[in-house]
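# Structure at a glance
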Amino acid sequence: MSGWGWTVHGDGRTVPPGEVVAPEERLAWGRTVGIGMQHVVAMFGATFLVPLITGFSPQTTLFFSALGTALFLVVTRNRLPSYLGSSFAFIAPVMAATASGGESVAVGGILVTGVALFVVGVVAHVAGTRWIDVLMPPVVTGTIVALIGFNLAPAAWGSCGDDGTCSGFRAAPVTATVTLLAIVLVTVLFRGILGRLSILVGVLVGYGVALLRGEVQLDAVREAAWVGLPPFVAPTFDVGVLGLFLPVVLVLVAENVGHVKSVAAMTGKDLDPYVGRALMADGLATTLAGTGGGSGTTTYAENIGVMAASRVYSTAAYWVAAATALVLALSPKFGAVVATIPAGVLGGAAAVLYGMIGLLGARIWVQNRVDFSAPVNLMPAAVALIVGIANFTWDAGDLRFEGIAIGTAVAIGLYHLMRGIALWRGTHDEPATPASVPGGDELER
């Protein structure tokens, strides 16, 4: 790679079997543009669900998502392909902060989260990432991700106000059920990119059903301009809600590190030197979003799927994706269309997504072969999950901590406390209960 350019891979048209298009390479521009637009489609469903669920502007979120992606590519020196979409880890704290202080307070929380992530990135860039693995081993990381997903379960079902207006699944059970089933069926009915876009396809199917049932209001779409800036919201800061956002930093760290490792494994390149830069870049992008009302960002697994399917890891495609997203974000009419997605459709999609977030935590345990016969692993995860799912709360002066924040603290603190004592006492190899004695394969490890 020379400067900020890309070398053409092979003939620029095809990717021979066994080869991949590296980040510093590209195909012919026509194909690169097509793949870049494919990345926009891949991120679309999940990225827009976050602002729709939290009450943020979809147009503003897309605007900062586009700028954040471009910023990520600059900070990582064009060597790490990634699209920065909305992070689901922000849903619970944003909803809680909005309920207590309004949207601007939630935006302030996002900004502070971004600054904290940037600081973590600076430390990781200077000192390496070993300390992250020590602080958050897989049992802790998996627990934090799991409790965030399951903490959101009541929001998927929704609630009804005094005026009879409902949110979530309760708003329109028929539409929500169709949306949920469409997402599930598309996942297993179709191969390739269509199967990977099950959330987007399911939302479109649910939207069609909602139109037929008269649940969609299109007045705002007719009134919206074709071209214009998105609405911006200035941040305000409330110390009382900052405790809600701190656990999100840990999740974003895990997501970014996982993204770098995944791309490295698929491209055969050593990308460890870019972990710190990735964290700094996502921190800057989230901070930027927090200055104007966008959702906090993270690297997107949906786009890893596109890269795996196409074997094209060129950062050139992500510049195209960022530019495409920016063009769409400058159309208020496009944003208005997205904002018309009704509560029933969102409830159906949320029922799938929140559960998937929770089980992604379990996936981290499985992939890393976490041994739950050891009480040092079992008890911190068990207690933290209950704290998160039941949404324990604790008021400390002006600060208010809820299930996710307390559960995160429990997962980290209890793990390290029990591990230290167990190593000191020599009890860490004892099984938790007779029923949890290893079945054989654990002993082989």
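Coordinates for the structure precede this section.
Since the model is a prediction, treat every value here as computed from it, not as a measurement. (Residues numbered from 1 in each chain as written. Predicted model: local features only at pLDDT ≥ 70, side-chain atom pairs only at ≥ 80, totals over all residues. Heavy atoms only, no water.)

### As for the overall build of the protein chain
Secondary structure assignment for the protein chain yields 20 helices and 6 strands. Computed over C-alpha atoms, the radius of gyration of the protein chain comes to 22 Å, within 12% of the 22 Å expected from 2.2 N^0.38 for 445 residues, which places it in the range of a compact globule. Summarising its shape, the C-alpha atoms of the protein chain cover approximately 70 × 65 × 45 Å along the three principal directions. Expressed as a percentage of its 445 residues, the buried residues of the protein chain come to 52%. Taking the intrachain contacts of the protein chain between residues at least 6 apart in sequence as the baseline, contacts between residues at least 24 apart amount to 79%. For the protein chain, the accessible surface area stands at approximately 19200 Å², while carbon and sulfur atoms represent 65% of it. The distance from the centre of the 22 positive side-chain charges to the centre of the 26 negative ones in the protein chain is 9 Å. (Helix = DSSP H or I, 4+ residues; strand = E, 2+ residues; numbered from the N terminus. Rg over C-alpha atoms; globule rule 2.2 N^0.38 Å. Buried < 20%, exposed > 50% of the residue type's maximum accessible area, 1.4 Å probe, protein only. Contact = heavy atoms within 4.5 Å. Areas by Shrake-Rupley, 256 points an atom, 1.4 Å probe, with all protein chains shown as cover. Lys, Arg positive; Asp, Glu negative; His and termini not counted. Charge placed at Lys NZ, Arg CZ, Asp CG, Glu CD.)

### Some remarks on the pattern of salt bridges
Under the defined criterion, the tally for this structure stands at 4 salt bridges. Where K269 meets E24, a salt bridge forms, and the shortest distance between an N and an O atom there is 3.0 Å. With K269 in the loop between α12 (239-267) and α13 (275-289) and E24 in the loop between β1 (7-8) and β2 (25-26), this pair connects stretches of sequence that are 245 residues apart. Note that E215 and R213 form a salt bridge whose closest N and O atoms lie 3.0 Å from each other. According to the relative accessible area criterion, E215 is partly exposed, its value standing at 23%. Under the relative-accessibility criterion, R213 is labelled partly exposed at 47%. (Salt bridge = Lys/Arg side-chain N within 4 Å of Asp/Glu carboxyl O.)

### Observations concerning the nonpolar core
In terms of nonpolar packing, the biggest core is built from 109 residues, with I144, V253 and Y354 touching the most fellow members. With 13 residues, the single largest contributor to this core is α12. Discounting residues that sit within four places of it in the chain, V253 has contacts with L117, V120, I132, M136 and L279. If you look at the next biggest cluster of nonpolar residues, it comprises 6 residues, including V15, L27, V312 and A317. (Core = buried A, V, L, I, M, F, W, Y, C linked by side-chain atoms within 4.5 Å.)

### Points about unusual backbone geometry
Even without being a glycine, R77 presents a positive backbone phi close to 60°. Along the polypeptide, R77 turns up in the loop between α2 (58-75) and β3 (84-86). Residue class for R77 comes out partly exposed when judged on its relative accessible area of 49%. Backbone geometry at R369 places phi at a positive 55°, although glycine is not the residue there. With respect to the helices and strands, R369 occurs in the loop between α17 (343-367) and α18 (375-390). The class for R369 is exposed, based on a relative accessible area of 58%.

### A look at the packing of aromatic side chains
Tallied over the entire structure, the rule returns 7 aromatic pairs. Residues W6 and W29 carry aromatic rings whose centres are separated by 6.0 Å and whose planes lie at 90° to one another, so their mutual orientation is edge-to-face. Here the residue W6 occupies a position in the segment before β1, and W29 occupies one in helix α1 (residues 29-54), the gap between them amounting to 23 residues. Overall, W29 belongs to the partly exposed group, its relative accessible area being 41%. Both rings, one in W157 and one in F169, keep their centres 6.3 Å apart while their planes meet at 25°; by these two values the pair is stacked. With W157 in helix α7 (residues 153-157) and F169 in the loop between α7 and α8 (173-189), the pair connects residues that are 12 residues apart, well separated along the chain. Following the ring pairs from residue to residue traces out a cluster consisting of F63, F64 and F232. In this arrangement the basic side chain of K333 is found over the ring face of W226, its NZ or CZ atom lying 5.1 Å from the centre. (Phe/Tyr/Trp six-rings, centres within 6.5 Å; stacked < 30°, edge-to-face > 60°. Lys NZ or Arg CZ within 6 Å of the ring centre and 35° of its normal.)

### Observations concerning the packing of helix α4 (residues 103-127) against α12
Contact geometry of α4 with α12 gives a least axis separation of 9 Å together with a crossing angle of 40°. Of the possible angle classes, the one that applies to α4 and α12 is oblique. In this structure, α4 crosses over α12, and the sense of that crossing is right-handed. For the pair formed by α4 and α12, the contact residues are V105, A106, G109, I110, V112, T113, A116, L117 and V120 on the first element and V241, L242, F245, V248, V249, L252 and V253 on the second. Residue composition of the contact of α4 with α12, by class: 14 nonpolar, 2 polar and no charged. (Axes fitted to C-alpha atoms, helices over the stretch in contact; angles between N-to-C directions. Parallel < 35°, antiparallel > 145°, perpendicular 65-115°, else oblique. Left-handed = near helix turned anticlockwise from the far one by under 90°. Nonpolar A, V, L, I, M, F, W, Y, C, P; charged D, E, K, R; others polar.)

### Considerations on helix α6 (residues 138-151)
Two residues of an α-helix separated by three or four positions point the same way, owing to the 3.6 residues in each turn. Over its 14 residues, α6 runs 20 Å from end to end, which matches the ideal 20 Å to within 8%, given 1.5 Å per residue. Buried within α6 are the following residues: V139, V140, T141, G142, T143, I144, V145, A146, L147, I148, G149 and N151. Against the buried residues of α6 lie α3 (91-101), α7, α12, α17, α18 and α19 (403-425). (Expected span 1.5 Å × (residues − 1).)

### Side note on the environment of P375
Note on placement: P375 falls in helix α18. Distance from P375 to S104, taken between C-alpha atoms, is 43 Å for residues 271 residues apart in sequence.

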